[in-house]
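# Breakdown of the fold
Here are the chains, one letter per residue:
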Amino acid sequence: MRSQEVRDAVQQFYTRHAPGGRSAEDAFPAWWLHREFELAPNEAIACSSTGSHDHGLDGFFIEARPDREPVLHLIQAKFSPTHRIVRDGIRDLRRTLVRLDSLRRRDTPGSDIENTIWVRLRARLEGRAFDNLVLHCRVLHIAEGDENALLAEAKAERAEFEETAATLFPDHKVRLSLSGPRSFAWNHIAVTPGASRQIYFEGVEASSLGERLFIGLGKLADLVQLYEEYGDNIFSKNVRLFNYRAAERGPARHLRETLRQCCAQPASRRTDPMRFTLFHNGITLHVTSAERRDGGLTIRSPGILNGCQTVKSAWIFKHEKLFRDRIDADAWNSLRVPIRVIRTTDEELVREITVSNNRQNAIRPSGFRANDPVQLRLGDRLKQRGIFYERQESAFENLKRSSPKTLEDDYPHSFDAPLRMEELAQALALMSEHTALSVASKVADLFETPVYERLFADENLEHLDLLVFATNVLRNVHLALKDTKEKSARLDPMVPARFRYLATRALVRWIVKHDSELVAAFGAEVMVRAGPRHPFRERLRKLISPQNTGLQTLLPELWHAAGDPWPSATDKELADKLLKKLGVQEFEPLVRYRGRA
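Report on the accompanying structure. Here the residue numbers are simple positions, counted from 1 along each chain's written sequence. Local features are withheld for residues below a pLDDT of 70 in this predicted model, meaning they are given only at 70 or higher, and side-chain atom pairs are given and counted only at 80 or more; totals for whole chains, interfaces and linings count all residues. For side-chain calculations, the full set of non-hydrogen atoms in the structure is used, while hydrogens and water are omitted.

### Looking at the overall build of the protein chain
Inclusion rule: Numbering goes from the N terminus for both helices and strands, where a helix is a DSSP run of H or I of at least four residues and a strand is a run of E of at least two. As defined in this context, the radius of gyration uses C-alpha atoms, and a globule is described by 2.2 Å times the residue total to the power 0.38. A simple rule labels every residue: compare its accessible area, found with a 1.4 Å probe on the protein chains alone, to the largest value its type can have, and call it buried under 20%, exposed over 50%, or partly exposed in between. Only heavy atoms enter the contact rule, under which two residues are in contact if any of them lie within 4.5 Å. Using the Shrake-Rupley algorithm and a 1.4 Å probe, accessible areas are obtained, with residue cover drawn only from the displayed protein chains. Charge assignment in this entry is limited to Lys and Arg as positive and Asp and Glu as negative, and neither His nor the chain termini are counted. Lysine's charge is taken at NZ, arginine's at CZ, aspartate's at CG and glutamate's at CD.
Looking only at helices and strands, one finds 26 helices and 13 strands in the protein chain. Relative to a compact globule of 597 residues, whose C-alpha radius of gyration would be 25 Å, the protein chain shows 28 Å and is just as compact. Taking the principal axes of its C-alpha atoms as reference, the protein chain extends roughly 85 × 70 × 50 Å. Here the protein chain holds 597 residues, and the buried ones make up 54% of them. In the protein chain, 73% of the contacts between residues at least 6 apart in sequence involve partners at least 24 apart. Surface accessibility of the protein chain: about 26800 Å² in total, with carbon and sulfur atoms responsible for 48%. Charge separation in the protein chain, taken as the distance between the mean sites of 89 positive and 82 negative side-chain charges, equals 4 Å.

### So, the packing of helix H4 (residues 84–105) against helix H7 (residues 155–168)
Formally: Axis definition: a line fitted to C-alpha atoms, limited for helices to the stretch in contact. Angles are taken between N-to-C directions and run from 0 to 180 degrees. Just so you know how the angles are binned, under 35 degrees is roughly parallel, over 145 roughly antiparallel, 65 to 115 roughly perpendicular, and the rest oblique. Ten residues, namely Ala, Val, Leu, Ile, Met, Phe, Trp, Tyr, Cys and Pro, are considered nonpolar, four, namely Asp, Glu, Lys and Arg, are considered charged, and the remaining ones, Gly among them, are considered polar.
It is the contact of H4 with H7, at a shortest axis distance of 9 Å, that shows an interaxial angle of 10 degrees. By the angle class used here, H4 and H7 are roughly parallel. Every residue of H7 that contacts H4 at Arg87, Ile90, Arg91, Leu93, Arg94, Leu97, Val98, Asp101 and Arg104 is listed here: Glu157, Arg158, Glu160, Phe161, Thr164, Ala165 and Leu168. Split by residue class, the contact of H4 with H7 holds seven nonpolar, one polar and eight charged.

### Regarding helix H17 (residues 421–431)
Counting buried residues in H17 gives eleven out of eleven residues, a clear majority hidden from the surface. Those residues of H17 not exposed but buried are Met421, Glu422, Glu423, Leu424, Ala425, Gln426, Ala427, Leu428, Ala429, Leu430 and Met431.

### As for the pairing of strand E7 (residues 283–287)
Rules: In this scheme, strands are said to pair when DSSP sees at least two bridges between them.
Counting buried residues along E7, five of its five residues qualify, which places the element largely inside the surrounding structure. Alternating positions in E7 separate into two faces, Ile283, Leu285 and Val287 on one and Thr284 and His286 on the other, with burial throughout. Judged from the five bridges that link them, E7 and strand E11 (residues 336–343) form a sheet pairing that is parallel. Across the sheet, the residue bridging to Ile283 is Ile339, located in E11. As defined by bridge partners, E7 adjoins strand E10 (residues 303–306) across three bridges and the pair is classed as antiparallel. In the sheet register, Leu285 faces E10, and the bridge partner there is Ile304.

### Things to note about the sheet that holds strand E4 (residues 174–179)
Taken in spatial order, the four strands make up an open sheet running E1-E2-E3-E4, and their pairing is mixed. The open sheet has two edge strands, strand E1 (59–63) and E4, and neither has a second partner. For this sheet the average axis-to-axis angle between neighbouring strands, irrespective of direction, equals 20 degrees. Here strand E3 (residues 134–141) runs beside E4; their pairing, made up of six bridges, is parallel. Each residue of the ladder has a partner; that of Cys137, found in E4, is Leu176. The sheet contacts of helix H5 (residues 116–125) involve E1 and strand E2 (71–78), and relative to E1 the element is tilted by about 10 degrees.

### Quick look at the side chain of Thr96
Structurally, the position occupied by Thr96 is in helix H4. Once residues within four sequence positions are removed from consideration, Thr96 is found in contact with His55, Gly56, Leu57, Leu74 and Trp118.

### Points about the packing of H4 against H5
How two helices sit against one another is set out by the angle between their axes and by the gap between those axes. Note the cut-off: Handedness of a crossing follows from how the near helix is turned relative to the far one, being left-handed for an anticlockwise turn of less than a right angle and right-handed for a clockwise one.
Packing of H4 against H5 brings their axes to within 11 Å, and their N-to-C directions diverge by 50 degrees. The angle between H4 and H5 places the two elements in the oblique class. Regarding H4 and H5, the two cross each other, and that crossing is right-handed. Contacts between H4 and H5 involve Thr96, Arg99, Leu100 and Leu103 on the former and, on the latter, Trp118, Leu121, Arg122 and Leu125. Across the contact of H4 with H5, the residue classes break down as five nonpolar, one polar and two charged.

### What to know about the packing of aromatic side chains
Note on aromatic pairs: each is described by the distance of the centres and the angle between the planes. Here is the rule: Under the pairing criterion, centres of Phe, Tyr and Trp rings, with the six-membered ring standing for Trp, must be within 6.5 Å; the plane angle then separates stacked pairs below 30 degrees from edge-to-face pairs above 60, leaving the rest tilted. For a lysine, the NZ atom is tested; for an arginine, the CZ atom; a charge sits over a ring if that atom is within 6 Å of the ring centre and within 35 degrees of the ring normal.
What the rule picks out here adds up to 18 aromatic pairs. Ring centres of Phe447 and Phe456 lie 6.4 Å apart, and the angle between their planes is 35 degrees; this geometry places the pair in the tilted category. According to the relative accessible area criterion, Phe447 is buried, its value standing at 4%. It is Arg7 that lies over the ring of Phe79; its NZ or CZ is 5.0 Å from the centre. Directly above the ring of Tyr200 sits Arg336, whose terminal nitrogen or CZ lies 4.4 Å from the centroid.

And the structure:
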């Protein structure tokens, strides 16, 4: 394979399988594991790093065959064609050996922030004889050239690695190798469905058009165990992740209370576990293989399409300090939940099932677009700029709680808040000449098929700085309007928040036409709520003043003349008059900015 072929293959893998918060670069080790060892995609992702604090470890796999010694493959992946990056990879693997030695000796500092890849590696090594493992350290790369020559260029790094290996693991076979495009020319497609998992199931089976459906009851404990093994990746096809803000109220609170009554009370006061089955919604599980066996189902490559809130709430309950030592194991294992298991390899069908299942819940229309390829690609590109793109509801909050250091390291330009898909849709609509203000102000309308496909067309997403800038204006312009209103009695009837859509449309068009340097200046990071003295808010105030756009005088001039109280801020006739006076009535920022770049 050539370097670009690898990039394209990894991008395709990412588009089809990556969970929220990842990028194509992050998918590189998982793609390689999938192809090299024929792991199912979600198995490969579960054996891959989730961001920073991985101590040089991007992926792992324990290869156990009856005819040879077991091998622990430790992977460092460099998604770059430069030769220097290979030397960096060897240095990173040296750090991996140091961490692995600590893990083996069980002296990892308790306060140390740990990537989930080490948590899962520790779990896979539990109960396994470590002394007979061969340690195969691999640097994955996409640099063109002979790998022996690349190794020769890294002579100093190899010497340091070999010294560390000899010091820490003198009784082990430790190998170092490179794997690049030349060794990626597999003559097969990975089809092995991955390791099987056994879950309890009592119910019926139906089949149609080659798909199989199992409907019945499963054990909540089995589903929580799947989450513990796969992490949030098991929700990668879902339309949203866990909603932490609702964890203490509504359904999540009631679920936790039911769990407490069923399995965290003295036996004499414990509630019948059937109450949990009756009171809470079921789970929809997608698998690539399912067979009835030993009173249950043997499944492969599981993914939860509906039921994220239930499963993760139960996992939080199980580990919550208040309850974890009071949970009766037998009572916990007796909890049943309605379950549907769908066996299919049709990815489009999986997406349709996810959307249809969640339409029955209070899901925002944008959620049904969360896994569209265009959204995955956009998230990947924004990550390269250090910006977190929230396409799955609550994804930012989940990452901030589970790995704040990853957020700080990987997304320095959106540490306080993400760029949200809904806000971006509104910003795109306001920059479009073809979307009425009344439509742009209604988020739900923007995710209906004709409008959505027009707004998120590839040509509109070309310049990320313009997208971030327009969203920043939308988030903050009402604050600048409020400041201006306090200094002008003529603006007393104006409600700043209602005029934010019109003001955003007018300002972004005017800026791109007359002062486009501001786009680069204020489009590099996400700005949530700029304070009164923030440079961005000060610049917006100046732009509103009579010396620039003159919105400060045009708004009362047009709206006050039209009646008292003022007409709607989205009044088409008045909005057109305003844009015409600014000379931007037929000005398309998305088109004009492309022409300048």
